[in-house]
Amino acid sequence: MAKQKDNAEKFEKILRRAQDRFKRCEDWESYARRLFMDDIRFANADADNKYQWPTRMWNDRQRDERPALTVNKVRQHNLNIINDAKMNKPGIKYRAAGNGATAEAARIWDGIARHIEYQSNAPAHYDHATTFQVEAGIGYLRVTTDYVDENSFDQEIYISSIADPLSVYIDPDARAPAKEDARFAFIFEDIPKDKFDQKYPAYKQYAGQSVLGGSGWLNADHVRVAEYFEVEDVKDELLLLEDQGDVTLLLSDVKKIDPKSKLLDDPNVRRREVYRRVINYHFIVGNHVVAEEEKVWIGKTIPIIPVIGEETIIEGRMDRKGHTRALKDPQRMYNYWASAAVEYGALQSKTPWLVGGVKGVVS
C-alpha cells in the first residue's frame, strides 16, 4: 500500500513538472510558431490557396471581380535548395580521435551507421526534415529502437522524421546548435476521443479528467498523448584503476556486476564524484502518466534532433525562419504587379490606332 502511494506521488510530480514545462514551451515558441504557419502556407500557395495575398485585399478584389493572381516563385527558389540537399545528402561519419581509437574501429562504426541509415530509409527522413527547414525554419529527426519482428527479442536502432514539426517542444533553455544540452522535450499528438478509446482502452477513464494546472492538454473532442523525455543527473563515482592500464569504471556499474567486488574498498583505487546523465522516458495519456511505459533511454542525450534554418533571439523573443521569410514581400509585390498588368490589359478598349498612316484596332 505504501509503495502504491509512493508511486502515485512520484507520477503526480512528473505530471506537474511536465505541465509546467509544456506551458513554458508554449509561451516561448508562440511567436515563432505563428510565423511558422504563415511561412509554410505562403511557401505552398497556389491559384486555389491565396495565402500570398493579404486577406482584406483578396476579399476586396473578389468583391470587385478584379484579378488576384498567385505566381508562386518562392516555391522554385525553395526547391533549388531542397533539391541540392537531396543531391548532397547528410550522413553519419565516425573519426578516430584519441583515447585508443583507431581508423579501423572508425570504419567498423561507419559500417554500423550505414546499416542503421539503410534499414531506416534515412535519406527520405533527411529530405522531409530539410523541406520544413527551408520552407518554415525547422524540421525534426528522431532516433528510436524497435524489435526486429514479432518473433524476436532483438532490437534495432532506427532514424525517422517527425511528420508535424509543431508536435514537438524542446527545452527553451537549450543553447547548443543541435539542442543536445536540452533537459526535457515533448512529442505530442491530439487524438480524437473515439480513436483514443480504440487505441488505449485501458486508459479511457483518464481521458475525461481535468488536467492539473496544465495548458492545452485536454479539450472536449480530443485527448493529448505525449512522449515526455526528461534528464536526471544521478550522483556516482568514477574509479581509476592505475595498475590495470588506467582503466576507468563507474561505481554503479561495478556494483551491478559484482556487489562484493574488492574494488569497492581498495585504497589504491582513485575516485572522484561525477554525475551520470540519465534520460527518463514517460508516456502521458490525458492527465495520467502510464506506469507500464516508464523506461530509461539508452543514450546520453534526448533522441530528438532539430534541423534548424535560422534561429534568433531579439529582445527576449525567439524567432525561427527558413528561406521563405525573406521572399515574402518580393513575392507579394510580384503578385500585385502581375495582377495589375492583367487587369490593365483586360480593361483596354478596342479603339482605333493610327501609325504612319496605317489604321488598326487594338485587340
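Above: the structure in question.
Keep in mind that this is a model prediction, so the values were computed, not measured. Throughout, residues of each chain are indexed from 1 in the direction in which the sequence is written. Whole-chain, interface and lining totals are the exception, using all residues; otherwise, since this is a predicted model, local features are given only for residues with pLDDT of at least 70 and side-chain atom pairs are given and counted only at 80 or more. In computing side-chain values, all of the structure's heavy atoms are included and hydrogens and water are not.

### Structural notes on the overall build of the chain
Then step 1. Secondary structure elements are defined from DSSP: runs of H or I of at least 4 residues count as helices, runs of E of at least 2 residues count as strands, and each element is numbered from the N terminus. When you go through the chain residue by residue, the secondary structure sums to 9 helices and 14 strands.
Then step 2. Residue exposure (1.4 Å probe, protein chains only): buried if accessible area is under 20% of the type maximum, exposed if over 50%, otherwise partly exposed. In the chain, which comprises 363 residues, the share counted as buried stands at 37%.
Then step 3. Within the chain, counting contacts between residues at least 6 apart in sequence, those at least 24 apart form 67% of the total.
Then step 4. Every accessible area reported is derived by Shrake-Rupley at a probe size of 1.4 Å, with residue values counting cover from the shown protein chains alone. Carbon and sulfur atoms provide 52% of the accessible area of the chain, an area that totals close to 22,600 Å². The contact rule is simple, with two residues in contact once any of their heavy atoms fall within 4.5 Å.

### Observations regarding a nonpolar patch on the surface
Then step 1. Together, Ile92, Tyr94, Ile108, Trp109 and Ile112 make up a nonpolar patch on the protein surface, roughly 460 Å² of accessible area in all.
Then step 2. Positionally, isoleucine 108 belongs in helix α4 (residues 103-120).
Then step 3. For isoleucine 108, a relative accessible area of 49% corresponds to the partly exposed category. Patch criteria: residues need more than 30% relative accessible area and no salt bridge. Like-charged residues are merged within 9 Å; nonpolar side chains of Val, Leu, Ile, Met, Phe, Trp and Tyr are merged within 5 Å. We define a salt bridge as a side-chain nitrogen of Lys or Arg found within 4 Å of a carboxyl oxygen belonging to Asp or Glu.

### Focus: the nonpolar core
Then step 1. Ranked by size, the top nonpolar core spans 31 residues in total, and within it Phe196, Ile302 and Ile304 carry the most contacts.
Then step 2. Mapped by element, the contributors of at least two residues to this core are α1 (2-43), α5 (122-136), β1 (138-147), β3 (168-170), β4 (184-192), β5 (222-241), β7 (270-285) and β10 (304-308). We call a set of buried Ala, Val, Leu, Ile, Met, Phe, Trp, Tyr and Cys residues a nonpolar core when their side-chain atoms join them within 4.5 Å.

### A few points about the packing of aromatic side chains
Ring pairs (aromatic) are described by centroid distance and by the angle formed between their planes.
Then step 1. Side-chain rings of Phe, Tyr and Trp (the six-membered ring for Trp) are treated as a pair once their centres are within 6.5 Å; stacked means planes under 30 degrees apart, edge-to-face means over 60, and tilted covers the remaining angles. Per the stated rule, a full pass over the model turns up 10 aromatic pairs.
Then step 2. When the ring of phenylalanine 22 is compared with that of phenylalanine 186, the centres are 5.3 Å apart and the planes differ by 85°; the resulting orientation is edge-to-face. Taken together, the residues phenylalanine 22 in helix α1 and phenylalanine 186 in strand β4 connect sequence positions 164 residues apart. Taken individually, phenylalanine 22 and phenylalanine 186 each receive the classification buried, so the pair is uniform in this respect.
Then step 3. The rings of Phe22, Tyr169, Phe184, Phe186, Phe188 and Tyr228 are connected pair by pair, giving a single aromatic cluster.

### A look at the side chain of aspartate 236
Then step 1. Along the chain, aspartate 236 falls in strand β5.
Then step 2. We define a polar contact as two N or O atoms separated by no more than 3.5 Å, with the added condition that, inside protein, one atom must be a possible hydrogen donor and the other a possible acceptor, whereas residues neighbouring each other in sequence contribute only through side-chain atom pairs. At 2.7 Å, the side chain of aspartate 236 and the side chain of arginine 276 are in polar contact.
Then step 3. Non-local contacts of aspartate 236, meaning those with residues more than four positions away in its chain, are made with Leu250, Leu251, Ser252, Arg272, Glu273, Val274 and Arg276.

### With respect to the pairing of β10
A regular strand places its side chains on the two faces of the sheet in alternate fashion.
Then step 1. Counting buried positions along β10 yields 4 of 5 residues, so the element is predominantly enclosed.
Then step 2. The pairing criterion is simple: DSSP has to find at least two bridges between the two strands. Here 5 bridges tie β1 to β10, and the two strands are oriented antiparallel to one another. Bridge pairing in β10 links arginine 142 to isoleucine 304.

### Regarding the packing of helix α3 (residues 74-87) against α5
Then step 1. Think of each axis as a best-fit line through the C-alpha atoms, taken over the contacting stretch in the case of a helix, with angles from 0 to 180 degrees between the N-to-C directions. At a minimum axis separation of 10 Å, α3 and α5 run at an interaxial angle of 150°. As far as their axial angle goes, α5 and α3 are roughly antiparallel. Crossing handedness for the pair α3 and α5: right-handed. Within the contact between the two elements, α3 uses Asn78, Ile81, Ile82, Ala85 and Lys86 and α5 uses Asp127, Thr130, Thr131, Val134 and Glu135. Put simply, angles under 35 degrees are roughly parallel, angles over 145 are roughly antiparallel, angles from 65 to 115 are roughly perpendicular, and the rest are oblique. Crossings are classed by handedness, with left-handed meaning an anticlockwise turn of the near helix from the far one by less than a right angle and right-handed meaning a clockwise turn.

### Re the environment of glutamate 135
Then step 1. In this fold, glutamate 135 is placed in helix α5.
Then step 2. Taking relative accessible area as the criterion, glutamate 135 reaches 9% and is therefore assigned buried.
Then step 3. Each C-alpha atom of the pair glutamate 135 and phenylalanine 36 lies 8.6 Å from the other, and the pair is 99 residues apart in sequence.
Then step 4. The contacts of glutamate 135, once residues within four sequence positions are left out, are Asp39, Ile40, Ala43, Asn44, Asn78 and Thr324.

### Details of the pattern of salt bridges
Then step 1. This structure, assessed with the given rule, holds 27 salt bridges.
Then step 2. Measuring nitrogen to oxygen at the nearest pair gives 3.2 Å for the salt bridge that ties glutamate 230 to arginine 21. Here glutamate 230 is found in strand β5, whereas its partner arginine 21 is found in helix α1, with 209 residues between them in sequence.
Then step 3. Note that aspartate 110 is salt-bridged to lysine 93, the shortest N-O span being 3.3 Å. Of this pair, aspartate 110 sits in helix α4 while lysine 93 sits in the loop between α3 and α4, and the two are 17 residues apart along the sequence.
Then step 4. One network of salt bridges, in which partners are shared, links Glu29, Arg33, Lys179, Glu311 and Arg320.

### Quick look at the environment of alanine 185
Then step 1. If you trace the backbone, alanine 185 turns up in strand β4.
Then step 2. Sequence separation between alanine 185 and phenylalanine 22 is 163 residues, and the spatial gap between their C-alpha atoms is 8.7 Å.
Then step 3. Among residues more than four places away in sequence, those in contact with alanine 185 are Tyr169, Ile170, Glu227, Tyr228, Phe229, Ile302 and Ile304.

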